[in-house]
2 protein chains.
Amino acid sequence: GDWIPDDREGLTICDATSGIFAMDIDCSKLDVITWSWQKVLGAEAAHGMIALSPRAVERLETHIPSWPIPKLFRLANKKKIIKGIFEGGTINTPSMICVEDVLDALNWVESIGGTKELVKISNENLKIVEDWVSKSDWIKFMCEDKNIRSSTSITLLIKDEWFTKFNEDEQRGVLKKLFSILDKEGVAKDINGYPKAPPSIRIWGGSTVQNNDMKALLPWIDWAYHSVKNNA
Amino acid sequence: GDWIPDDREGLTICDATSGIFAMDIDCSKLDVITWSWQKVLGAEAAHGMIALSPRAVERLETHIPSWPIPKLFRLANKKKIIKGIFEGGTINTPSMICVEDVLDALNWVESIGGTKELVKISNENLKIVEDWVSKSDWIKFMCEDKNIRSSTSITLLIKDEWFTKFNEDEQRGVLKKLFSILDKEGVAKDINGYPKAPPSIRIWGGSTVQNNDMKALLPWIDWAYHSVKNNA
């Protein structure tokens, strides 16, 4: 977080959904952090988490937006932060089975050695993919800069000329076949790229994915790609 | 729904959270109905449901509010309803364990005879309480009009003069003792009135509460009230 000044006037808002617990985050530089239970923790979805810095709280208590805020998103009332929300009070009803599930996930995190271990697992997953990519003649990273590459949302492009000569629709067709083979073999589910991204492969490298499983996956992707190509 | 005209220009918006499936609803008179899984269905919380009439869809496709709508609440984009949301698409990730749970609840509803049976169970719960209240010398309904009384959120006031002579804080103190006795005996959890309501008792009469359990509860409340009163 070196590029964020300590004496900033604005608020830094960080959507840490897919990153938190799997990457080191310089929290002192963030004023608002949001995340979910279903990503790196591997728990149930539907519950958004938020952490606020004292400066974010101050903003909530001094600024009233000119538009109406839905009740579900109201963190302040009459220029006072609604403290109860941060002390177990609820505006809407959460799912208690999901709460139990995330507590279970947090216990699991402690049992394996805490956040440090989570970060280690995810970094190792990325390294395994990097080693594979560096030896591959058909695949490359979407994010070319190693320093800002995500260890959780690992996104890959096909550089093979046989593939790149196709138009986008044809490329998506090839990938569809590849994903379908891997799904049928019980190897990988939904490793498709983000819908709005270019045709790509996206592998979850979060800390619930064991390093050995990541190692086991990659030769399957090689095999599936060459199957599709050879049968085209 | 006789009081809502068929040729209305406005939209009728119904928060059916606690009522749906336990009461007959004249859906032809409603344009927007919202509800949750955790009430009458007894499933998990955190997922809001919405049903729209063709006229509500038309409004979504013609009216753009002058304020920003959070992504989570966006049902239309560029004057077009986002159809995918109503066909299994998601904006944010739902909890799949909660989805399974509500499917299980719906199977249960079918197995006992459908919504008709749910309505019957809840109506019978209210009737059981009404019979008890009609013979009681210390308790009465908050809603005096039988025709608009809820069969799910059954709310009661204490009419006993020993109680009514207290001020509100003292009344809440008496009720706290009563709830604590019932909790300790494993009879009832959290049958406290809505926080913003006057000091009151609120009994859930939804269709997951068996009629026999409702019958079993009421003498305990008599006993608890008189215990508190006699020990005061």
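Throughout this description, residue numbers start from 1 for each chain and increase along the sequence as written. Chains carry letters from A onward and ligands carry numbers from 1 onward, assigned in written order. Thresholds applied to this predicted model are a pLDDT of at least 70 for local features of residues and 80 or more for the giving and counting of side-chain atom pairs; totals over whole chains, interfaces and linings are not thresholded and use all residues. Side-chain figures throughout are based on the complete set of non-hydrogen atoms in the structure, without hydrogens or water.

Some thoughts on the interface of chain A and chain B
No. 1: In what follows, residue pairs with any heavy atoms lying within 4.5 Å of each other are defined as contacts. If you look at the interface, chain A gives 16 residues, while chain B gives 16 residues.
No. 2: When two parts are brought into contact, each loses some accessible area as probed by a 1.4 Å sphere; the total of that loss over both is the buried area. Taking both sides of the interface into account, the surface hidden between chain A and chain B amounts to around 1,300 Å²; carbon and sulfur atoms contribute 72%.
No. 3: Here a polar contact is recorded for every N or O atom pair within 3.5 Å, except that within protein the pair must consist of a potential hydrogen donor and a potential acceptor, and residues adjacent in sequence are included only if both atoms are side-chain atoms. The interface formed by chain A and chain B contains ten residue pairs in polar contact (both at pLDDT 80 or more).

Looking at the pairing of strand 2 (residues 32–36) of chain B
Residues and elements named next belong to chain B.
No. 1: Counting buried positions along strand 2 gives four out of five residues, so the element sits mostly inside the fold.
No. 2: Bridge analysis of strand 2 against strand 3 (residues 48–52) gives five bridges, and the strand direction is antiparallel. Residue pairing in the sheet places Trp35 in a bridge with Met49 of strand 3. Each residue's exposure class comes from its accessible area (1.4 Å probe, protein chains only) as a fraction of the maximum for that residue type: buried when under 20%, exposed when over 50%, partly exposed otherwise. A run of H or I in DSSP becomes a helix once it reaches four residues, and a run of E becomes a strand once it reaches two; helices and strands are each numbered from the N terminus. The rule for pairing is simple: two strands pair if DSSP sees at least two bridges between them.

Some points on the side chain of B:Ser95
No. 1: Position of B:Ser95 among the secondary structure elements: in the loop between strand 5 (80–81) and helix 2 (96–112).
No. 2: Of the residues examined, B:Ser95 reaches a relative accessible area of 0% and is grouped as buried.
No. 3: Excluding anything up to four places from it in sequence, B:Ser95 contacts A:Glu44, A:Ala45, A:Ala46, A:Cys98 and B:His47.

Some points on the domain arrangement of chain A
Residues and elements named next belong to chain A.
No. 1: Note: domain ranges come from an automatic or database domain assignment. Segmenting chain A into domains produces domain 1 (13–112) and domain 2 (115–230).
No. 2: Distance from the C-alpha centre of domain 1 to the C-alpha centre of domain 2: 31 Å.
No. 3: With both chains or domains summed, domain 1 and domain 2 bury close to 1,000 Å², and 71% of this area falls on carbon and sulfur atoms.
No. 4: The three residues of domain 1 that bury the most area against domain 2 are Phe21, Ala22 and Ile112, which together make up 39% of that side's buried surface.
No. 5: A side-chain nitrogen of Lys or Arg and a carboxyl oxygen of Asp or Glu constitute a salt bridge if their distance falls within 4 Å. Counting every contact that joins domain 1 to domain 2 gives zero salt bridges.
No. 6: Inspection of the domain 1/domain 2 interface yields one residue pair in polar contact (both at pLDDT 80 or more).
No. 7: Taken together, the residues of the side of domain 1 that touches domain 2 sort by class into eight nonpolar, two polar and two charged. For this scheme, ten residues count as nonpolar: Ala, Val, Leu, Ile, Met, Phe, Trp, Tyr, Cys and Pro. Four count as charged, namely Asp, Glu, Lys and Arg, and the remainder, Gly too, count as polar.

Comments concerning the sheet that holds strand 3 of chain B
All names here are of chain B.
No. 1: The strand order across the open sheet formed by three strands is 1-2-3, and the pairing between neighbours is mixed. Lying at the two open borders of the sheet, with one neighbouring strand each, are strand 1 (13–15) and strand 3. Taken pair by pair, the neighbouring strands of this sheet meet at an average axis angle of 15°, ignoring direction.
No. 2: Looking at chain direction, strand 1 and strand 2 are connected through three bridges and run parallel. When the bridges of strand 2 are listed, Ile13 appears paired with Val32. Here an angle of 0 to 180 degrees is reported between the N-to-C directions of two axes, which are lines fitted to C-alpha atoms, with helices fitted over the stretch in contact.

Considering the side chain of A:Ser200
Residues and elements named next belong to chain A.
No. 1: Take Ser200: it is sitting in the loop between helix 5 (168–184) and strand 8 (201–204).
No. 2: At a separation of 2.8 Å, a polar atom in the side chain of Ser200 contacts the main-chain carbonyl oxygen of Pro198.
No. 3: Leaving out residues up to four positions away in the same chain, Ser200 has contacts with Met142, Thr155, Leu156, Leu157, Leu175, Phe179, Ile191, Asn192 and Gly193.

Remarks on the pattern of salt bridges
No. 1: A full pass over the atoms with the stated rule returns 20 salt bridges over all chains.
No. 2: B:Arg172 serves as the salt-bridge partner of B:Glu168, at 3.0 Å between the closest nitrogen and oxygen. Placement of both B:Glu168 and B:Arg172 in helix 5 (residues 168–184) is noted, with a separation of four residues, approximately one turn of the helix.
No. 3: Each of A:Arg8, A:Asp31 and A:Arg55 takes part in one network of salt bridges that share partners.

Here's the deal with the packing of helix 5 of chain B against helix 6 (residues 211–230) of chain B
All names here are of chain B.
No. 1: Relative to each other, helix 5 and helix 6 sit at 130°, their axes nearing to 9 Å. Considered as vectors, helix 5 and helix 6 are oriented oblique to each other. The handedness of the crossing between helix 5 and helix 6 comes out as right-handed. Residues Val174, Lys177, Leu178, Ile181 and Leu182 of helix 5 touch helix 6, and the partners they reach there are Trp220, Ile221, Trp223, Ala224, Tyr225, Ser227 and Val228.
No. 2: A breakdown of the residues in the contact of helix 5 with helix 6 according to their chemical character gives ten nonpolar, one polar and one charged. Roughly parallel means an angle under 35 degrees; roughly antiparallel, over 145; roughly perpendicular, 65 to 115; everything else is oblique. Crossings are assigned a handedness: left-handed for a near helix turned anticlockwise from the far helix by less than a right angle, right-handed for a clockwise turn.

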